[in-house]
Amino acid sequence: MKHMENISSLFHGSTPDDYPRLESKSEREAVSASGEQPWEMIMDKKHFKLWRRPIKGTHLYQYRVFGTYTDVTPRQFFNVQLDTEYRKKWDSLVIKLDVIERDLATGSEVIHWVTHFPYPMYSRDYVYVRRYSVDKENNMMVLVSRAVEHPSVPEDPEYVRVRTYESQMVIRPHKTFDENGFDYLLTYSDNPQTVFPRYCVSWMVSSGMPDFLEKLHTAALKAKKMEIEVRDYMSAKPLESGGGGEGKASVSSAEHKSEGTCSPAQLEYA
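Keep in mind it's a predicted model, so treat the numbers as computed, not measured. (Residues numbered from 1 in each chain as written. Predicted model: local features only at pLDDT ≥ 70, side-chain atom pairs only at ≥ 80, totals over all residues. Heavy atoms only, no water.)

With respect to the pairing of strand E7 (residues 140-147)
This is how it is decided: Between any two strands, pairing holds if DSSP finds at least two bridges. What counts as a helix is a DSSP run of H or I of at least four residues, what counts as a strand is a run of E of at least two, and both are numbered from the N terminus.
The pairing of strand E6 (residues 124-135) with E7 spans 8 bridges and is classified as antiparallel. Across the sheet, Tyr132 pairs through a bridge with Leu143, a residue of E7. A loop of 4 residues connects E6 with E7, the two strands running antiparallel in sequence, and Asn139 in this loop sits at a positive phi of about 60 degrees.

Dropping the structure here:
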């Protein structure tokens, strides 16, 4: 969270919608924590910046996005990402998106997500556990997901199962959860198991990211204008964690319950 604050202070220009142009060294230092492998910027848009870095020992990349919106509230942006029923309406790539299991005490959920991939590739399916936390004391929202195996969702020969996937998003309101304006930092990686070389996979991700973020933003705006009702996950979650050990233990128990006799594997874009 502290690292995100450093990035935010560096990249915000004189107006909320404008980023200053930084030297490449400054960009690398801003995005990479001390001792981390450096990140390479591959996209610089008005509302977000996208970096990548190779994952050692693989042909894959890990990606990091830092973005800002000033016309929607953090609560709506957060809820729209979590509401699986609403996503079926605004994301045309979704074939299937269902909550398989939910831990009522912590709010952890196991999700089965099937999505279209660009022609001529087969559609991909993901089984992942996600957990979220609203830290009112530090004015932050956190959403974490990673791939797991679940006995009630066996592989379907019609789809390619993605077994390596993880995503972490931190949302920091400019003011409060219910006032317009926030920054977000998204770090994610997955292995879509394509036969294409690294540069092709990288191109698919970098070309798909702006489209996805635009659809997500538009969906949040519609929810804000009450054109569609979205579940309020901030109010629905029974427990809110400020980051203590108790929250960590509850994730562990939820994951063990979800895994059954199977062992866990490892962004979705959001």
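Still more to cover.
Focus on the packing of aromatic side chains
As a reminder, the rule being used: Only centres within 6.5 Å qualify two rings of Phe, Tyr or Trp (six-membered ring in Trp) as a pair; their planes then separate them into stacked at under 30 degrees, edge-to-face at over 60, and tilted for everything else. Per-residue accessibility, obtained with a 1.4 Å probe over protein chains only, is compared with the maximum for each type, and a residue is labelled buried under 20%, exposed over 50%, and partly exposed between these values. Distance and angle both matter: a charge sits over a ring if NZ of Lys or CZ of Arg is within 6 Å of the ring centre and within 35 degrees of the ring normal.
In total, this model carries 12 aromatic pairs according to the counting rule given. Taking the centre distance of 5.8 Å and the plane angle of 75 degrees together, the rings of Phe78 and Tyr132 count as edge-to-face. With Phe78 in helix H3 (residues 74-82) and Tyr132 in strand E6, this pair connects stretches of sequence that are 54 residues apart. Accessibility assignment for this pair places Phe78 and Tyr132 in one class, buried. Site record: aromatic cluster; members linked through ring pairs are Tyr69, Phe77, Phe182 and Tyr184. Above the plane of the ring of Tyr61 lies Arg52, whose end atom (NZ or CZ) is 4.3 Å from the centre. The positively charged end of Arg124 is found above the aromatic ring belonging to Phe117, 4.9 Å away from the centroid.

From the geometry alone we can't say anything about function, so treat these as descriptive.
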